[in-house]
Each structure stands twice: as structure tokens, then as C-alpha cells.
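Reading the structure
One-letter residues, chain by chain:
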Amino acid sequence: MTGPAGGPAPAPTAPAGRPDSLNTRGMRRILASSFIGSAIEFYDFVLYATAASLVFNKVFFTNVPPAIGLFASFGTLAVGYVARPLGGAIFGHFGDKLGRKGCLIVSMVMMGLATTCIGLLPTTAQVGLAAPILLVALRLIQGIAVGGEWGGAMLVALEHAPAKRRGFAASFANMGGPAGAVMATLVMSAVSVLPKAEFLAWGWRIPFLLSLALIAVGLVIRLKVSETPLFLDLEKTAEKKKVPLLEVLTKYPRNLILGTIAGMSSYTVQGLMTVWAVSYAVDHGVSQTGVLNVKAVGATLTVVFIIIAARLCDRYGRRPVMLAGMIAGVVLAFPILWLLQTNTLWGFAAGLFLANGVIQGVIFGPFGAYVAELFPTRVRYTGASLTYQSASTLGAGFTPLIAGSLVILAGGSLWLVGAAWALAFVAAAVCVMATKEGLGRDLTGEMR
């Protein structure tokens, strides 16, 4: 949709029942719920990724060579990502049929209980094979829970917001992810200063047990949020009586595929730099505590660039801003990996700041609105969740495993990792160009 000069069309005015500004008491509560709820859930999810890099191969996958233990640890990490699209489909179905709010409450409780149980899980030395099996089961529950979180948190903000601020409102769920990563990384960094034996014996459990308190805070905030006006309007019609997943797969497969490949770009960077590169740096002599602290700063930069990019996308459109981040991803792929190969903390920091601060932040800023605007209200929770979570699974879930395999294949060099990185961003840019601009679109109509 374009305006008189060929640019994005002006955004329509807010429908009745929706505010004209984000600066109202109700909208501030909604945006806080989207941000804080998402931050708490991603604290839990990212905490596992950090522990998979530093702890689980030494606690749950013992009596095997270190490389095999790390591979198995990353395998359990991948299980959570595989479960995310399943969670998106399950929660999306009920979110589109029964409402956004209730699904968000259920997903938060599931995540909190699963994370707390991981913190209480006995080791392989104590209960044998049951320990890694239970770890995988709990990671599966985490994946299903976070699969339902993002779509609901994003839609509660976007579907309450005025049309001219949809991009910025939707970005609060995306800001919550890196904010949760900051919390998870700082807490894990704090306990990592313990003597190694104590850290592996009990110190790593503390961040997981803290989840219970965080979930209680999140529920208090989330219970005060109202259902979205667009869903309440849909309740008055017969449109939502169909099966949302089947409608997404049969009527909107093109949007689902293009959106998924577009989203894989930022998740490829996330999987590489926040999981695989952490292990790579520590294994090559970089301070573990220093790496974790740098990772926290990098996640903070991601939030900053999400804010900037989200504001720009409400002015210039979703596609131009995302394409800028993807072009940067192609250009900087090999320089970032070269920085990583310096085997220094400053090299790791510079690479992480460019990758997760700038590249991922610029793509993530508009991504919530971009995905939501690919689907109509009656299937938006399902469509947006399935797109986002499929992108996370394909882009980040297997990246650490793939990167490790490519390094072995290249004889220790990172050039194959860089080539795969650049190729993922080229494919994403092509898909973004193949979709329609969402700025100014009527969310109550069909999304073709």
C-alpha cells in the first residue's frame, strides 16, 4: 500500500474503543505487560541456553568426551526450539478462539514451573539416565510455553495500539526478549564467580529457582490487562469458528513461508553469537565471566536498536528498516567472525555488539508488526506465532550444532560459518522484498 508519492500510505485513524496515543494509563499498563511478561519468559528460556553452553555437559552428560557432552547439551537446547512452533500452534489456536489474555497467563505459569523444576533436577551422578531424560522433558515444556508467549504478548500491545504506532507497540514484546537475556546472563554471571566446584554443584541452580518469584510478579501485572478490542469485535462475528491452523496453512502459506525465512536472519545471528560463540570464546581462553558480562551488554544494545528501528518503521515502513539490517548482516558476517577468532574479550565484545546489538536489533524492531500484518485478526495469533517460532527454530535452534559441524568440516576455520550466515541473510532479504508493506494496512481485512 503506497501513498501519493509512492511511499507508505498514511496510517488510518484508530477505530472506536482504541486510544489515539500510547501515553495513556491503559496503554502504559498494556505495554508494560507485554514487555515484562516477555522478559520473564525469555529469562527462563535464555537461561537454559547459557547453562547449556557452560554447565549441562558437565552435570547431565558426563562420562563422555567433552566435545560429545557439549554436542548433547546443545541437542537438548534444540529440543526447546523444536517445541516452539508446536507451542505457537497450540496457544495460537486457543488465542484465536478464546482470547489472547488467558493464553498468556497459562504460558507464563507453564514456563515458571518448568524452569523451577530444572533448578531442582538431580544430576546424572545421582539418578543416572533419568536426569537427562527429565531435562529434555522440561526443556520441551519450556519450548511449548515460550511458543505461546511472544504472539500473545505482541498482539495484546499491537491490537490495542493506534494504527500509527503499531510498530512501536508491537516491539515491546521483542524488547522483552533481550531484556530477559540481560537478566539471565547477569544472574548466571554473578553465580559463575563461585569456585568451579561449587558453581557446578549448586550455584548454577540459583538463577533457575529465581524464576518462581519472577513469574509471580509477571502474573500480577498480566492479570490486570484487558482483552484486545480487535478480538472483542471478532467475537461478535462468526469468522473465528474455523480452525485457525488449517486456515493459515491453506489460505496463507505464502505469508507463513516468507515471514519465517525473513525472521530466520536475526535468529541465525542470535544462535551463533549468544550460544555457539560463547562456547567458542570460553574454549579458546576468554574469561567466562567476562563473556557473560559482554553478552548482557550486547542484549542491552539490542533493546536500544529495537526502539530506534521500531520508531523508524512507523514512519518509513517495516520493509525498508528490516532490509537495512539484513544488508548489514551480509556485509558484516566475515568481519564479525574474524573478530571472534582473535580469541580476546574485546574481539568477542565487538563482534557481539555488531551482531546482536545492531543487526538483530534493527531487524527485530519492525518484526512484530511485520509478522502480525501478514494475517487477519481471526488467525493472527496462530499465524504470527507459527511464523515467529518457526523462524526461531530454524534460525537459532540448530545453529550451534550446525556451526560446530561446519567448523569441523572446514578444519577449524570459520569461513563456512560465515558463508552460511551471509546466505541466510540474502534469502531473508529476498523474502522481505516479496511481501507487501504493512504500514497503514487495515488489520480487519484480508492479508493478501
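Scope of this entry: the structure provided in the associated data block.

Conventions and cut-offs
- Residues numbered from 1 in each chain as written.
- Predicted model: local features only at pLDDT ≥ 70, side-chain atom pairs only at ≥ 80, totals over all residues.
- Heavy atoms only, no water.
- Disulfide = S-S within 2.5 Å.
- Buried < 20%, exposed > 50% of the residue type's maximum accessible area, 1.4 Å probe, protein only.
- 1 Å grid on protein atoms, 1.4 Å probe; cavity = no way out; pocket = protein on both sides within 12 Å on 5 of 7 lines; lining within 4 Å.
- Points joined across faces, edges and corners; volume = space filled by probe spheres on them.
- Helix = DSSP H or I, 4+ residues; strand = E, 2+ residues; numbered from the N terminus.
- Contact = heavy atoms within 4.5 Å.
- Axes fitted to C-alpha atoms, helices over the stretch in contact; angles between N-to-C directions.
- Parallel < 35°, antiparallel > 145°, perpendicular 65-115°, else oblique.
- Left-handed = near helix turned anticlockwise from the far one by under 90°.
- Nonpolar A, V, L, I, M, F, W, Y, C, P; charged D, E, K, R; others polar.
- Patch = residues over 30% accessible without salt bridge, like charges linked within 9 Å, V, L, I, M, F, W, Y side chains within 5 Å.
- Areas by Shrake-Rupley, 256 points an atom, 1.4 Å probe, with all protein chains shown as cover.
- Salt bridge = Lys/Arg side-chain N within 4 Å of Asp/Glu carboxyl O.
- Lys, Arg positive; Asp, Glu negative; His and termini not counted.
- Charge placed at Lys NZ, Arg CZ, Asp CG, Glu CD.
- Core = buried A, V, L, I, M, F, W, Y, C linked by side-chain atoms within 4.5 Å.
- Phe/Tyr/Trp six-rings, centres within 6.5 Å; stacked < 30°, edge-to-face > 60°.
- Lys NZ or Arg CZ within 6 Å of the ring centre and 35° of its normal.

**Points about the state of the cysteines**
- Within the structure shown, the criterion is met by zero disulfides.
- Between cysteine 431, a free cysteine, and cysteine 313, which holds the nearest cysteine sulfur, the sulfur-to-sulfur gap is 19 Å.
- A residue is classified by how much of its surface remains accessible, and cysteine 431, at 8% relative accessible area, is buried.

**Describing the layout of surface pockets**
- Considered as a void within the structure, the second largest pocket measures approximately 200 Å³ in volume.
- If you go around the second largest pocket, you meet 13 residues; those closest to its centre are Thr268, Thr399, Ile402, Ala420 and Trp421.

**Side note on empty space enclosed by the protein**
- Here the structure, examined in full by the defined rule, presents three cavities of 30 Å³ or more.
- As a volume, the largest cavity reaches approximately 270 Å³.
- Lining the largest cavity we find 23 residues, and of these Pro178, Ala181, Gln270, Thr274 and Gln360 sit closest to its centre.
- Counting residues per element, the ones that place at least two in the lining of the largest cavity are helix H1 (25–54), helix H7 (166–191), helix H13 (253–283), helix H14 (288–316) and helix H16 (345–372).

**Some points on the side chain of glutamate 247**
- Secondary-structure assignment places glutamate 247 in helix H12 (residues 244–251).
- A relative accessible area of 6% means that glutamate 247 is categorised as buried.
- Those residues in contact with glutamate 247 that sit more than four places away from it in its chain are Lys242, Tyr252, Arg378 and Val379.

**Quick word on the packing of helix H15 (residues 318–340) against H16**
- Two elements in contact, H15 and H16, have axes separated by 9 Å at closest approach and are oriented at 165°. For the element pair H15 / H16, the angle class is roughly antiparallel. The two elements H15 and H16 cross, and the hand of that crossing is left-handed.

**Examining the packing of H12 against helix H17 (residues 380–397)**
- Closest axis-to-axis distance for the H12/H17 pair is 8 Å, and the angle between their directions is 65°. With respect to H17, the axis of H12 lies roughly perpendicular. With respect to the hand of their crossing, H12 and H17 are arranged in right-handed fashion. Contacts from Pro244, Leu245, Val248 and Leu249 in H12 reach Thr382, Gly383 and Leu386 in H17.
- Across the contact of H12 with H17, the residue classes tally to five nonpolar, two polar and no charged.

**As for a positive patch on the surface**
- Positive charge collects at one region of the surface, where Arg25, Arg28, Arg29 and Lys224 lie side by side.
- Following the sequence through the fold, arginine 25 ends up in helix H1.
- In this structure arginine 25 comes out as exposed when scored by relative accessible area, which is 65%.

**Structural notes on helix H18 (residues 399–409)**
- Three or more residues of H18 are buried, namely Thr399, Pro400, Leu401, Ala403, Leu406 and Val407.
- Positive backbone phi, approximately 70°, marks glycine 411, located one or two places after H18.

**Concerning unusual backbone geometry**
- The phi dihedral of asparagine 343 falls on the positive side, at around 55°, and the residue is not glycine.
- Secondary-structure assignment places asparagine 343 in the loop between H15 and H16.

**Points about the nonpolar core**
- Of all hydrophobic cores here, the largest spans 129 residues; its most connected members are Phe56, Trp276 and Trp421.
- Setting aside chain neighbours within four positions, we find tryptophan 421 in contact with Val269, Leu272, Met273, Gly329, Ala333, Ile336, Leu337 and Ala355.
- Membership of the second largest hydrophobic core comes to five residues, among which are Ile40, Met108, Ile215 and Leu219.

**A closer look at the side chain of threonine 115**
- You can see threonine 115 is positioned in helix H4 (residues 100–120).
- Overall, threonine 115 belongs to the buried group, its relative accessible area being 0%.
- Setting aside residues up to four positions removed in sequence, threonine 115 forms contacts with Asp44, Gln142, Phe208 and Ser211.

**A word on the packing of aromatic side chains**
- This structure, assessed with the given rule, holds 14 aromatic pairs.
- Ring centres 5.4 Å apart and planes at 65° place the aromatic pair phenylalanine 56 and phenylalanine 60 in the edge-to-face group. Of the two residues examined, phenylalanine 56 and phenylalanine 60, each falls in the buried class.
- Aromatic pair phenylalanine 367 and tyrosine 388: ring centres 6.1 Å apart, planes at 40°, arrangement tilted. On the criterion of sequence distance, the pair formed by phenylalanine 367 in helix H16 and tyrosine 388 in helix H17 is long-range, its members being 21 residues apart. Here phenylalanine 367 matches tyrosine 388 in class, with each residue buried.
- An aromatic cluster is built from Trp150, Tyr267, Phe364, Phe367, Tyr370 and Tyr388, whose rings are joined through pairwise contacts.
- Its end group placed over the ring of tyrosine 48, arginine 139 keeps NZ or CZ at 4.2 Å from the ring centre.

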